[in-house]
Amino acid sequence: MSSDINRSWRMTGFGLPRLELAEGRIPEPGPHDLLVRIKAISLNYKDRMIVDGVLIPDLGFPFVPTSDAVGEVVAVGGGVSRFKTGQRVLGHVIADWQDGDAPPVLHHHTLGSSLPGTLSDYLLLHEDAAVLAPPSLSDAEASTLPIAALTAWFAMAEATRPVPGQTILIQGTGGVSLFALQFAHAFGLRAIVTSSSDGKLKRAKRLGAWEVINYRARPAWDEAARELTGGAGVNHILEMVGGDNARRSLDALAADGRLSIIGLLGSMELSFPIVPFLRNRIVVQGISIGHRRAFERMNQAIEALAIKPVIDRIFGFDEVPRAFEHLEKGPFGKIVITTPTIALPSVK
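Residues numbered from 1 in each chain as written. Predicted model: local features only at pLDDT ≥ 70, side-chain atom pairs only at ≥ 80, totals over all residues. Heavy atoms only, no water.

1. Quick notes on the packing of aromatic side chains
Here comes step 1: Taken as a whole and judged by the stated rule, the model has six aromatic pairs.
Here comes step 2: On the basis of an interplanar angle of 10° and a centroid distance of 6.1 Å, the ring pair of F183 and F187 is categorised as stacked. Of this pair, F183 and F187 both sit in helix 4 (residues 175–187), four residues apart, which is roughly one turn of that helix.
Here comes step 3: Assessed through its relative accessible area of 0%, F183 is described here as buried.
Here comes step 4: We classify F187 as buried; its relative accessible area is 16%.
Here comes step 5: A network of ring pairs unites the aromatic residues W153, F179, F183 and F187 as a single cluster. (Phe/Tyr/Trp six-rings, centres within 6.5 Å; stacked < 30°, edge-to-face > 60°. Helix = DSSP H or I, 4+ residues; strand = E, 2+ residues; numbered from the N terminus. Buried < 20%, exposed > 50% of the residue type's maximum accessible area, 1.4 Å probe, protein only.)

The following block contains the structure:
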């Protein structure tokens, strides 16, 4: 393979059959850009929603999807001051949110949606939209951090502060959920994990879950959660489903509890009664990943706490359609795509 070629998986329309491997030129970095040779990419459920046309129905084509990747800086623009060649970096998904309050309109500068995604051999990142990858993690492990880990971290350590001994309920065993479980264990929280699979719940227990609930065997999982907490309710719930599931989340919360809205696996709307919401002074907050400074704090914590991401399966770069198909099976942890080792391009 020529070192001057940049391979990318590009959408030529909606639907997995219209995700095609194409070749193009390696981009030239602008004054404040990093040219990154991608080493590993991880998938999120929103990536499949984009490919299928559910999340961004007016997307223009051709388009390179996915947002999470780790790679090596192989060239920098003349004005770059934050990074140098040879460093291993992660892209920050919401590229214009460095710290503090979010931009007035999110997702105007977002990898894999409004900006070209990461499913390529090479990628340009603005230096303000990159962070150093944690040294202790492999490429595959590091690639899982930008959305799944940062979303869990922001919900648990930035939007609020963890209080050891409090109870958090984590829905499911996908990427965000398992990072949340690992953070909860590290923070001294009592984590309740829900799933329809006893096998996945056993694995969650090994990762540090305090209690587990099979919601298929116990559809009224909100009642089960209250029983586990002696009737008091859960202090914090990570809502991954949406729709009517939010009603049960509200019923499971303790007074002054927090509901972090993260996922929409079941519905793109929420449904719950107003009176319990008011009576129990529930805080409801939508979580849109997080800012770059939080990403940097999280990476420092991952190093200090020796947290290792949970990877369900690794696919090769030529197996991207299979990786997306596997995403539909409800993996335990993250799906990763690795790129082959290639010669460095002759860029300056």
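2. Side note on the sheet that holds strand 13 (residues 283–286)
Here comes step 1: On the basis of which strands lie adjacent, the open sheet formed by six strands has the order 10-9-8-11-12-13 and parallel pairing. The open sheet has two edge strands with one neighbour each: strand 10 (211–214) and strand 13. Across the sheet, the mean angle from the axis of one strand to that of its neighbour is 15°, orientation sign disregarded.
Here comes step 2: In the sheet, strand 12 (residues 253–261) pairs with strand 13 via four bridges, with the strands oriented parallel. Of the residues in strand 13, the one forming a bridge with S260 is Q285. (Pairing = 2+ DSSP bridges. Axes fitted to C-alpha atoms, helices over the stretch in contact; angles between N-to-C directions.)

3. Focus: empty space enclosed by the protein
Over the atoms rolls a probe the size of a water molecule, and in doing so it shows where empty space is left.
Here comes step 1: Tallying each qualifying case throughout the model produces one cavity of 30 Å³ or more.
Here comes step 2: Of the volumes computed, that of the largest cavity is approximately 40 Å³.
Here comes step 3: Elements that contribute at least two residues to the lining of the largest cavity include exactly strand 3 (33–43), strand 4 (68–76), strand 5 (88–91) and strand 6 (122–126).
Here comes step 4: Of the residues that constitute the lining of the largest cavity, the class distribution is eight nonpolar, four polar and one charged. (1 Å grid on protein atoms, 1.4 Å probe; cavity = no way out; pocket = protein on both sides within 12 Å on 5 of 7 lines; lining within 4 Å. Points joined across faces, edges and corners; volume = space filled by probe spheres on them. Nonpolar A, V, L, I, M, F, W, Y, C, P; charged D, E, K, R; others polar.)

4. Here we look at the packing of helix 3 (residues 145–158) against helix 4
Here comes step 1: Two numbers describe how helix 3 lies on helix 4: the axes approach to 8 Å, and their chain directions differ by 45°. As the angle between them shows, helix 3 and helix 4 are arranged oblique. Helix 4 is crossed by helix 3, and the crossing has right-handed handedness. Counting all contacts with helix 3, which are made through L145, A148, A149, T151, A152, W153, M156 and A157, the residues of helix 4 involved are G175, V176, F179, A180, F183, A184 and F187.
Here comes step 2: Per-class residue counts for the contact of helix 3 with helix 4 are 13 nonpolar, two polar and no charged. (Parallel < 35°, antiparallel > 145°, perpendicular 65-115°, else oblique. Left-handed = near helix turned anticlockwise from the far one by under 90°. Contact = heavy atoms within 4.5 Å.)

5. Concerning the nonpolar core
For soluble globular proteins, nonpolar side chains are generally found buried alongside one another.
Here comes step 1: Residues L145, W153, M156, F183 and M298 are the most contacted members of the largest nonpolar core, which totals 51 residues.
Here comes step 2: A total of 11 residues in this core trace back to one element, the largest contributor, which is helix 3.
Here comes step 3: Apart from residues lying up to four places away in sequence, M298 is in contact with L145, A149, L150, W153 and F183.
Here comes step 4: Residues I56, L59, F63 and L327 belong to the second largest nonpolar core, which totals 33 residues. (Core = buried A, V, L, I, M, F, W, Y, C linked by side-chain atoms within 4.5 Å.)

6. Some points on helix 7 (residues 245–252)
Here comes step 1: Residues of helix 7 that are buried include every one of N245, A246, S249, L250 and A252, and no others. All buried residues of helix 7 project into a common sector of 165° when viewed along the axis, lining one side.
Here comes step 2: Considering only its buried residues, helix 7 is in contact with strand 8 (167–171), helix 6 (221–228), strand 11 (234–239), strand 12 and helix 8 (274–279). (Arc of directions from axis to C-beta.)

7. Brief notes about the layout of surface pockets
Here comes step 1: Considered as a void within the structure, the second largest pocket measures approximately 290 Å³ in volume.
Here comes step 2: Put simply, the parts of the chain that give the lining of the second largest pocket at least two residues each are strand 1 (5–11), strand 2 (19–25) and strand 6.
Here comes step 3: In terms of residue count, the dominant contributor to the lining of the second largest pocket is strand 6 (five residues).
Here comes step 4: Considering only residue class, the lining of the second largest pocket consists of 11 nonpolar, six polar and three charged.

8. Comments concerning unusual backbone geometry
Here comes step 1: Look at the link from F61 to P62: it is a cis peptide, with omega at -5°.
Here comes step 2: Looking at the element boundaries, P62 is found in the loop between helix 1 (45–51) and strand 4.
Here comes step 3: Phi is positive for D256, close to 60°, though the residue is something other than glycine.
Here comes step 4: Relative to the helices and strands, D256 resides in strand 12.
Here comes step 5: The phi dihedral of A306 falls on the positive side, at around 55°, and the residue is not glycine.
Here comes step 6: Here A306 lies in the loop between helix 9 (292–305) and strand 14 (311–316).
Here comes step 7: Taking the relative accessible area as the measure of exposure, A306 reaches 59% and is therefore exposed.

9. A few points about helix 10 (residues 320–327)
Here comes step 1: Listed as buried for helix 10 are V320, A323, F324, H326 and L327. All buried residues of helix 10 fall inside an arc of 160° around its axis, so they share one side.

10. A closer look at the environment of T338
Here comes step 1: Locating T338 in the fold gives a position in strand 15 (residues 334–338).
Here comes step 2: You can call T338 partly exposed: its relative accessible area is 27%.
Here comes step 3: It is 20 Å that separates the C-alpha atoms of T338 and V131, two residues lying 207 residues apart in sequence.
Here comes step 4: Contact partners of T338, with chain neighbours within four places excluded, come to K39, A40, I314, F315, G316 and F317.

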